[in-house]
Amino acid sequence: MQTTAVVLNGPRDIGLDTLTVAAPQAKDLVVQIKHSGISTGTEKLFWSGQMPPFPGMGYPLVPGYEATGEVVEAPQSSAFKAGDTVFVPGANCYDGAFGLFGGAARYLVSNEDRVTKLDGAMGAEGALLALAATARHAMAGPGKSVPDLIIGHGVLGRLLARLAVAAGAPSPTVWEIDPARRMGAKGYQVVAPEDDPRKDYKSIYDASGSTEVLAQLIGRLSKGGEIVLAGFYTDPISFAFPPAFMKEAKFRVAAEWDRDDLTATRALVESGALSLGGLITHSSSAADAPEAYQTAFQDSSCLKMMLNWEKPS
């Protein structure tokens, strides 16, 4: 089987190509992708050539770990059947291209254990499940606290804020330096950092990926407060020790979601407790993938770009 796929051949060298897809094995599903999202975090780093060494990294690379589509082939023993709408967090099924992510393709093959069934009515928003689960993973679990300050009002920052509100926690404050991105808050406030006088935050979540803001955040902590690094950071993280010492600051690194996060997040969305609405600001045909990736990475008005694979050629 062959498929049209987005292929990143090297930094800033991206386009569509035809790739051979590995034959499905036992417990594998063949999925026809309808929508795939473009990540402005890790995928941008691969596109720009700034990604530090990472397991499974290499060019050519098929990007995409936010994909939703329809099962077209499933084993008889599978819990899935043809016609099911599913979320797929990427796939490593291509001949001649790395599948570290692998979701930006018209067709892919994935083990059914990695696939999650969705309500078809979710449409393109179903591809946002990975980011929502990432936000949930940062917050949920023993010893974790919900944020009362969030840095960055991009998609991840908005999902963190929405999850905090859905949990019934006090409404968090969100910092955003771009005035255009301060819009769209529901149940919480978004302000410029310089307009926020508070210096007693117990739990600060950075969703910006910026290392430069860290020193400022230490000064905004209450004694014994925690800073959660929820973004992805390419530069070494450093800070002046005396301010952190005086605050008895704690630091935590949030990793990627696991299966329980995905299941819990899907339930929140299906129950209406968590909305994924208003996060997809741009959509493009997969045929225009090179331009779509540039827009996603360089246009500050683009929160989330979604590729439409209905007519990829």
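Here, every reference points to the structure presented above.
Note that the structure is a prediction, hence the values are computed from the model and not measured. (Residues numbered from 1 in each chain as written. Predicted model: local features only at pLDDT ≥ 70, side-chain atom pairs only at ≥ 80, totals over all residues. Heavy atoms only, no water.)

Compared with an ideal rise of 1.5 Å per residue, which puts 13 residues at 18 Å, helix H6 (residues 259-271) spans 19 Å between its outermost C-alpha atoms and is within 8% of the ideal. Within the span of H6, buried status applies to Asp-261, Leu-262, Thr-265 and Val-269. Seen along its axis, H6 keeps its buried residues to an arc of 95°; they face one direction. Residues of H6 that are exposed and point more than 90 degrees away from the buried face comprise Asp-260 and Ser-271. In this structure, the buried side of H6 is in contact with strand S5 (85-88), strand S7 (116-117) and helix H2 (129-139). (Helix = DSSP H or I, 4+ residues; strand = E, 2+ residues; numbered from the N terminus. Expected span 1.5 Å × (residues − 1). Buried < 20%, exposed > 50% of the residue type's maximum accessible area, 1.4 Å probe, protein only. Arc of directions from axis to C-beta. Contact = heavy atoms within 4.5 Å.)

This paragraph deals with unusual backbone geometry. For the bond from Tyr-59 to Pro-60, the omega torsion is -5°, close enough to zero to count as cis. Secondary-structure assignment places Pro-60 in the loop between helix H1 (42-48) and strand S4 (67-73). If you check the backbone angles, Arg-12 has positive phi at about 60° while not being a glycine. Note on placement: Arg-12 falls in the loop between strand S1 (2-10) and strand S2 (13-20). At Glu-248, a position not held by glycine, the phi torsion is positive, near 50°. For Glu-248, the location among the structural elements is in the loop between helix H5 (241-247) and strand S13 (250-253).

Moving on, we come to empty space enclosed by the protein. Empty space among the atoms can be located by rolling a probe the size of a water molecule over them. Summed over the entire model, instances satisfying the criterion amount to two cavities of 30 Å³ or more. By volume, the largest cavity is sized at about 50 Å³. Taken together, Leu-8, Ile-14, Glu-43, Phe-46, Trp-47, Leu-61, Pro-63, Phe-101, Tyr-293 and Phe-297 make up the lining of the largest cavity. Counting only elements with at least two residues in the lining of the largest cavity, the list comes to H1 and helix H7 (289-298). At three residues, the largest contribution of residues to the lining of the largest cavity is made by H1. (1 Å grid on protein atoms, 1.4 Å probe; cavity = no way out; pocket = protein on both sides within 12 Å on 5 of 7 lines; lining within 4 Å. Points joined across faces, edges and corners; volume = space filled by probe spheres on them.)

Let us look at the pairing of S4. Bridging between strand S3 (residues 28-38) and S4 involves six bridges; their strand directions are antiparallel. Of the residues in S4, the one forming a bridge with Val-30 is Glu-73. Two elements, S4 and S5, share four bridges in a ladder whose sense is antiparallel. Pairing of Gly-69 across the sheet is with Val-86, part of S5. (Pairing = 2+ DSSP bridges.)

This part covers the packing of H2 against helix H3 (residues 155-166). Where H2 meets H3, the axes come as close as 9 Å, and the angle between the chain directions of the two elements is 55°. Looking at the two axes, H2 sits oblique to H3. As for how H2 packs across H3, the hand of that crossing is right-handed. Here H2 contributes Leu-131, Ala-132, Thr-134, Ala-135, Arg-136, Ala-138 and Met-139 to the contact with H3, which in turn contributes Val-155, Leu-156, Leu-159, Leu-160, Leu-163 and Ala-164. Each residue belonging to the contact of H2 with H3 can be placed in one class, and the counts come to eleven nonpolar, one polar and one charged. (Axes fitted to C-alpha atoms, helices over the stretch in contact; angles between N-to-C directions. Parallel < 35°, antiparallel > 145°, perpendicular 65-115°, else oblique. Left-handed = near helix turned anticlockwise from the far one by under 90°. Nonpolar A, V, L, I, M, F, W, Y, C, P; charged D, E, K, R; others polar.)

It is worth spelling out the pairing of strand S12 (residues 221-229) at this point. Where a strand is regular, its side chains alternate between the two sheet faces. Of all nine residues that make up S12, seven are buried, and the element is covered over most of its length. The pairing of strand S11 (residues 201-206) with S12 spans five bridges and is classified as parallel. Its bridge partner being in S12, Tyr-205 is matched across the sheet by Val-228. Relative to S13, S12 is paired through four bridges, and the arrangement is parallel. Note on S13: the bridge partner recorded for Leu-229 is Val-253.

Before going further, it helps to examine H7. If you check which residues of H7 are buried, you get Ala-289, Ala-292, Tyr-293, Ala-296 and Phe-297. Looking straight down H7, one finds that the buried residues subtend no more than 125° of arc, so they occupy a single side.

Before going further, it helps to examine the packing of H2 against H6. One way to put it is that H2 packs onto H6 with a least axis distance of 8 Å and a crossing angle of 110°. When the axis of H2 is compared with that of H6, the two are roughly perpendicular. Residue-level contacts link Leu-129, Ala-132, Ala-133, Arg-136 and His-137 of H2 to Asp-260, Asp-261, Leu-262, Ala-264, Thr-265 and Arg-266 of H6. Looking at the contact of H2 with H6, its residues break down into five nonpolar, two polar and four charged.

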